[in-house]
Amino acid sequence: RAENYIESQMNTAITAGDDEAQRVRDELMQRMGENALRAELLIGIGDVYLIHHRREKDALRCYRDAFKENSDNQDAFERLFAVAEHLGEWDDAFEALDRLKRIQSEYLVSYLCKEAWILGKKQGKYAKAIEIYDKIMESHPLYLDVFIQLIEALQATQDFAGIKTRFVSMLKRGEGDKSLS
């Protein structure tokens with residue numbers, strides 16, 4: 001199988017050193033004509049770096065390159081986001097998240113929550129995080145997990161009046177919901 005051949009070639013090359021790994025990567029890339037195939041190859045190479053060699057920065061570079069080769073490749077976005085988030089490479093993480101939000105709208109709330117969490121907890125940009133949580137609460141007023149994250153962000157900014165306002169709002173929304181009775 002092609003995947004096994006590529007994995008074997010890259011494992012051998014990576015073990016031989018960075019120059020050999022780059023040479024094999026370049027050779028394999030030249031054999032691929034279409035951008036979609038090149039993106040798949042780069043994802044495979046990134047997986048070898050990540051899974052077999054624990055070289056996250058090299059994997060990130062491959063996933064980033066795959067994203068550039070084929071901006072519609074969902075696997076590239078998902079892997080780019082996961083590794084970028086782990087490494088704290090926020091520009092890459094947000095770029096991947098933006099793309100995922102557009103192509104996987106059924107997971108929009110989840111991606112927005114992840115974005116807000118990174119902005120608040122990892123970057124200290126609580127005002128922007130609060131803005132995102134408030135937007136989610138407008139369209140999904142009884143999402144308790146989002147509400148809790150919103151309150152935590154407000155606590156971090158010591159916006160106690162904002163906390164009170166959000167609790168009152170949540171209670172009012174709950175009064176009209178028969179499922180809570």
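Please refer to the structure higher up on the page.
To start, this report covers the structure provided alongside it. Just so we're clear, the structure is a prediction, and the values are computed from it rather than from any experiment.

As for the packing of aromatic side chains
The tally for this structure, following the rule as stated, stands at three aromatic pairs. When the centroid spacing of 5.0 Å and the interplanar angle of 70 degrees are considered together, the rings of F67 and F77 count as edge-to-face. Of this pair, F67 sits in helix α4 (residues 56–69) while F77 sits in helix α5 (residues 74–87); the two residues are ten residues apart in sequence, bridging distant segments of the chain. Ring geometry for Y107 versus Y111: centroids 6.4 Å apart, planes at 70 degrees, classification edge-to-face. With relative accessibility at 44%, the residue Y107 sits in the partly exposed group. The cationic tip of K114 hangs over the ring face of W117; the distance from NZ or CZ to the ring centre is 5.4 Å.

Some words on the packing of α4 against α5
Where α4 meets α5, the closest approach of the two axes is 9 Å, and the angle between their N-to-C directions is 145 degrees. The crossing of α4 and α5 is left-handed. In this structure, α4 uses E56, K57, L60, Y63, R64, A66 and F67 to contact α5, whose residues at the interface are A76, F77, R79, L80, V83, A84, H86 and L87. Of the residues assigned to the contact of α4 with α5, the class counts are ten nonpolar, one polar and four charged.

Brief notes about the pattern of salt bridges
Tallying each qualifying case throughout the model produces ten salt bridges. The shortest N-O distance in the salt bridge between R64 and D92 comes to 2.6 Å. With a gap of 28 residues between them, R64 in helix α4 and D92 in helix α6 (residues 90–103) connect regions that are remote in the sequence. For D92, a relative accessible area of 9% translates into the label buried. One salt bridge connects K101 with D98, and the closest N-O pair in it is separated by 3.3 Å.

What counts and what doesn't
- The numbers attached to residues start from 1 for each chain and follow its sequence in the written order.
- Side-chain atom pairs in this predicted model are given and counted only at pLDDT of 80 or more, local residue features only at pLDDT of at least 70, and totals for whole chains, interfaces and linings cover all residues.
- Side-chain metrics rest on all non-hydrogen atoms present in the structure, leaving aside hydrogens and water.
- Any Phe, Tyr or Trp ring, taking Trp's six-membered ring, that has another such ring centre within 6.5 Å forms a pair; planes under 30 degrees apart are called stacked, those over 60 apart edge-to-face, and the others tilted.
- Numbering of helices and strands runs from the N terminus, with a helix taken as a DSSP run of H or I at least four residues long and a strand as a DSSP run of E at least two residues long.
- For each residue, the accessible area found with a 1.4 Å probe, counting protein chains only, is set against the maximum for its type, and the residue is called buried under 20%, exposed over 50%, and partly exposed in between.
- To sit over a ring, a charge needs its Lys NZ or Arg CZ within 6 Å of the ring centre and within 35 degrees of the ring normal.
- Orientation is described by lines fitted to C-alpha atoms, with helices fitted over the stretch in contact, and by angles between N-to-C directions that extend from 0 to 180 degrees.
- Definitions for this section: a left-handed crossing has its near helix turned counterclockwise from the far helix by less than a right angle. A right-handed crossing has that turn clockwise.
- Contacts between residues were defined by any pair of non-hydrogen atoms, one from each residue, lying within 4.5 Å.
- Gly falls in the polar group here, along with every residue not listed as nonpolar (Ala, Val, Leu, Ile, Met, Phe, Trp, Tyr, Cys, Pro) or charged (Asp, Glu, Lys, Arg).
- A pair is scored as a salt bridge if a Lys or Arg side-chain nitrogen falls within 4 Å of a carboxyl oxygen belonging to Asp or Glu.

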